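As a plain string of letters, each chain reads:
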Amino acid sequence: EVNPEKEKYNSRNVLFVGPNAERKGAILVVKSAPSILKKFPDATFTIIGSSSTLYKRKMKSLVNNYSLQDKFEFIDHIPQEQLLRYYKKANVFVMPSLMEAFGQVYLEAMATKTPVIGANVGGVSDIITNDIGYLVPPKNSNAIADKIIDVFSDNNRAKMLGENGRKRVKENFSIEK
């Protein structure tokens, strides 16, 4: 049983996890940050995932242009067992993939009672339903910002989405299934 941190739904921490961060849309999370920070100045962003040097430079350059260096943490790679710590404290998980067959990281986030946001591409809509998170149009950082603001605006709803996600993983995506 994975219990989230007590302050999870107040943490205002946005978590992105995705190897090949470019294909997983990490830069869209960066682009959504200014709108989110207007409403929630205490928000923070954790981006975990490998990407090309050029893509990483592009993301960090945007962060610098927005003067948000203190709001972002970039991590190339961490062992699977250390990921849990990040999921447990995240208020919301976002991976707006440009293409996605399935997306196991959504299930990992849901297992830790984290509301999830994904782009409506490929098999993502088979995982993310309205009662556990949000689907956004592909490549739309404004929609991402709006949905993150929704999650941050209502702690009780965030908790409910997280608990529903956990239940959905157990019932539909267990190893047995």
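Numbering of residues starts from 1 in every chain and runs along the sequence as written. Selection of residues for local features in this predicted model requires a pLDDT of at least 70, selection of side-chain atom pairs for listing and counting requires 80 or more, and totals for whole chains, interfaces and linings are taken over all residues. Neither water nor hydrogens contribute to the side-chain values; these are computed over all heavy atoms in the structure.

A. Up close: unusual backbone geometry. Of note in the backbone geometry, Arg12 takes a positive phi value of approximately 55° without being a glycine. Along the polypeptide, Arg12 turns up in the segment before β1 (13-17). For every residue, the accessible area (1.4 Å probe, protein chains only) is compared with the maximum for its type, and the residue is labelled buried under 20%, exposed over 50%, or partly exposed between those bounds. Owing to a relative accessible area of 14%, Arg12 belongs among the buried residues under this scheme. Phi is positive for Lys113, which is not a glycine, with a value near 60°. Each helix is a run of H or I in the DSSP string that is no shorter than four residues. Each strand is a run of E no shorter than two, and both are numbered from the N terminus.

B. Up close: the pairing of strand β3 (residues 72-75). Whether two strands pair depends on DSSP finding at least two bridges between them. Two strands pair when backbone bridges link them, and strand β2 (residues 44-48) and β3 are joined in this way by 4 bridges, in the parallel orientation. Across the sheet, Ile48 pairs through a bridge with Ile75, a residue of β3. Seen with the strands pointing away from the viewer, any crossover whose path from the first strand over the helix to the second strand runs clockwise is right-handed. On the question of chirality, the crossover connecting β2 to the parallel β3 by way of helix α2 (residues 53-65) is right-handed.

C. Structural detail: the packing of aromatic side chains. Stacked, tilted and edge-to-face are the three classes applied to pairs of Phe, Tyr and Trp rings, where Trp contributes its six-membered ring and a pair requires centres within 6.5 Å; stacked means planes under 30 degrees apart, edge-to-face means over 60, and tilted covers the rest. This model, assessed by the stated rule, comprises 6 aromatic pairs. Judged by centre distance (5.4 Å) and plane angle (85°), the ring pair of Phe40 and Phe152 falls under edge-to-face. Residue Phe40 is found in the loop between α1 (26-39) and β2, and its partner Phe152 is found in helix α6 (residues 141-153); the two are separated by 112 residues along the sequence. There is no split in this pair, since Phe40 and Phe152 are both buried. Consider the rings of Phe93 and Tyr106, whose centres lie 6.0 Å apart with planes at 90°: the pair is edge-to-face. With Phe93 in strand β4 (residues 92-95) and Tyr106 in helix α4 (residues 104-111), the pair connects residues that are 13 residues apart, well separated along the chain. Among the residues examined, Phe93 registers a relative accessible area of 0% and is labelled buried. On the accessibility criterion, Tyr106 (0% relative accessible area) is buried. Taken together, the ring pairs connect Phe45, Phe72 and Phe74 into an aromatic cluster.

D. Here's a closer look at the environment of Leu68. Inspection of the secondary structure assignment puts Leu68 in the loop between α2 and β3. Note: C-alpha distance between Leu68 and Thr44 (24 residues apart in sequence) is 9.4 Å. Here a residue-residue contact requires only that any non-hydrogen atoms of the pair lie within 4.5 Å. Excluding its chain neighbours within four sequence positions, the residues that come into contact with Leu68 are Ala33, Pro34, Leu37 and Val63.

E. The pattern of salt bridges, seen in detail. Any carboxyl oxygen of Asp or Glu within 4 Å of a side-chain nitrogen of Lys or Arg constitutes a salt bridge here. For the structure on display, the rule yields 5 salt bridges. A salt bridge links Asp42 to Arg12, with the shortest nitrogen-to-oxygen separation between them at 3.8 Å. Taken as a pair, Asp42 in the loop between α1 and β2 and Arg12 in the segment before β1 lie far apart in primary sequence, 30 residues in all.

F. Expanded view of the sheet that holds strand β6 (residues 133-136). Spatial strand order, β3-β2-β1-β4-β5-β6: 6 strands in an open sheet with parallel pairing. In this open sheet, the two edge strands, each paired with only one partner strand, are β3 and β6. When the angles between neighbouring strand axes are averaged without regard to direction, this sheet yields 20°. Structural elements are reduced to axes, namely lines fitted to C-alpha atoms, with helices fitted over the stretch in contact, and the angle between N-to-C directions of any two is expressed from 0 to 180 degrees. Relative to the sheet, helix α3 (residues 80-89) contacts β1, β2, β3 and β4, its axis offset from that of β1 by approximately 145°.

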